[in-house]
Amino acid sequence: MYDIPIDYFVSPITKSSLIQKNENLLADNDGCEFHKNKEHGFWNFLPNRSPLYNEEEWLSFQKLIKNFVISYDKDPSKNVSYNARPDALLFGDFCKYHGEVLDIGCGPHPVPSYIKFKRKEDVKYFGIDVLIGEQPKEHNFIQAMGEHLPFKDGLFDITISGTSILHYVDVKAGIREALRVTKKEGYLCIWLGVKSDEAPPPTESPEWYKSLEIPDGAENPFHYKRYTEEYFEGLFEECNGILIEKEVHVVDKWRKNIFFRLRNNN
Ligand SMILES: C[S@@+](CC[C@H](N)C(=O)[O-])C[C@H]1O[C@@H](n2cnc3c(N)ncnc32)[C@H](O)[C@@H]1O
């Protein structure tokens, strides 16, 4: 079911090439091994520990992931591109799919709606996420961290992040990695949701939300940091990205969805 050519892969941390030991096992030159999931057949490239993060950040990353799982379970239509949400459909149009597309942080469902309702027959879709989520996926899936993609440089025509990179502890590492695996003439599409500090808090939060722990150093249960449009845009240059297009969709007085299209400046 999952059929990603082995020669697409490199070691997620060192980026060295991989040796195939057997049908279910890859290894890098340092002896790190990567296994195929026995039940579902996708490759697992999650590192035991990211060298980018100190102990506290690593624990916070894990708590954020735990909170995501609860929110997707309790209220998927608000927290992921689960159904034909107008914002997800607009993002699907913005991505202008062609060639080979990698969705980074593809979510817990078989396929996010910005692909489900906008799929093009001649396009090959790939997805990565930390979470296994519902299986099987309706695209080629691997388990990995967006900060440590196990793909060769310049592989994909389009890389996309539907409200995923903005959840990382190190968002710059996420943008750099996404651009690294994007073809020079390709592009990265990022969907950023922004909310003003003046937005009134919800009149009542559900019990499940109240029970979530805010990870150390994080601004809220789901975001290590919340970004303004200007701040987020200011990160692109540092991440070797050039902004080539931006679309802003105003949701209400306090909320906007912003779609960015970036090229790799390397
Ligand atoms: C708000 S959801 C969006 C999912 C999907 N793109 C959608 O719109 O339905 C954020 C996703 O990013 C994933 N994610 C968070 N941090 C990640 C990381 N460091 N590496 C890869 N995926 C990550 C989460 O597991 C989650 O599936």
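Model, not experiment: these values are computed from the prediction.

1. Details of the site of the ligand
Consideration 1: The environment of the ligand is formed by 24 residues, the closest being S81, G105, Y114, D129 and G146.
Consideration 2: Note that a nitrogen atom of the ligand is positioned 2.8 Å from one of the side-chain N or O atoms of E147.
Consideration 3: Look at the ligand: alone it shows 590 Å² of surface, and the protein chains cover 98% of it.
Consideration 4: With four residues, the single largest contributor to the shell around the ligand is helix α1 (residues 55-74).
Consideration 5: Across the shell around the ligand, the residue classes tally to 13 nonpolar, nine polar and two charged.

2. Digging into the pairing of strand β5 (residues 100-104)
Consideration 1: For β5, the tally of buried residues reaches five of five residues, placing the bulk of the element in the interior.
Consideration 2: Side-chain alternation along β5 places E100, L102 and I104 on one buried face and V101 and D103 on a second face that is also buried.
Consideration 3: Relative to strand β6 (residues 124-129), β5 is paired through five bridges, and the arrangement is parallel. Residue pairing for β6: I104 is matched across the bridge by I128.
Consideration 4: Bridging between β5 and strand β8 (residues 156-162) involves three bridges; their strand directions are parallel. Of the residues in β8, the one forming a bridge with V101 is I158.

3. What about the nonpolar core?
Consideration 1: In terms of nonpolar packing, the biggest core is built from 38 residues, with F9, F45, L102, I142, F151, I175 and F232 touching the most fellow members.
Consideration 2: Those elements that provide at least two residues to this core are β5, β6, α5 (171-180), β9 (182-195) and β11 (255-264).
Consideration 3: What F151 contacts, discounting residues up to four positions off in sequence, is I4, Y8, F9, V10, L102, I128, I142, F156, R180 and V181.

4. Structural notes on the pairing of strand β3 (residues 33-36)
Consideration 1: Pairing of strand β2 (residues 25-27) with β3, which is carried by three bridges, proceeds in the antiparallel orientation. From the neighbouring strand, L25 faces β3, where its bridge partner is H35.
Consideration 2: The loop that links β3 with its antiparallel partner strand β4 (residues 43-44) comprises six residues; one of these, G41, has a positive phi angle of about 85 degrees.

5. Here we look at the side chain of N257
Consideration 1: Checked against the element boundaries, N257 lands in strand β11.
Consideration 2: Judged by its relative accessible area of 11%, N257 falls in the buried class.
Consideration 3: In terms of polar contacts, N257 uses its side chain to reach the side chain of W191, at 2.9 Å.
Consideration 4: Beyond its immediate sequence surroundings of up to four residues, N257 is in contact with D87, W191, L192, G193, E247, V248, H249 and V251.

Definitions and cut-offs
Residues numbered from 1 in each chain as written. Predicted model: local features only at pLDDT ≥ 70, side-chain atom pairs only at ≥ 80, totals over all residues. Heavy atoms only, no water. Near = heavy atom within 4 Å. Polar contact = N/O pair within 3.5 Å; in protein donor to acceptor, adjacent residues only side chain to side chain. Areas by Shrake-Rupley, 256 points an atom, 1.4 Å probe, with all protein chains shown as cover. Helix = DSSP H or I, 4+ residues; strand = E, 2+ residues; numbered from the N terminus. Nonpolar A, V, L, I, M, F, W, Y, C, P; charged D, E, K, R; others polar. Buried < 20%, exposed > 50% of the residue type's maximum accessible area, 1.4 Å probe, protein only. Pairing = 2+ DSSP bridges. Core = buried A, V, L, I, M, F, W, Y, C linked by side-chain atoms within 4.5 Å. Contact = heavy atoms within 4.5 Å.

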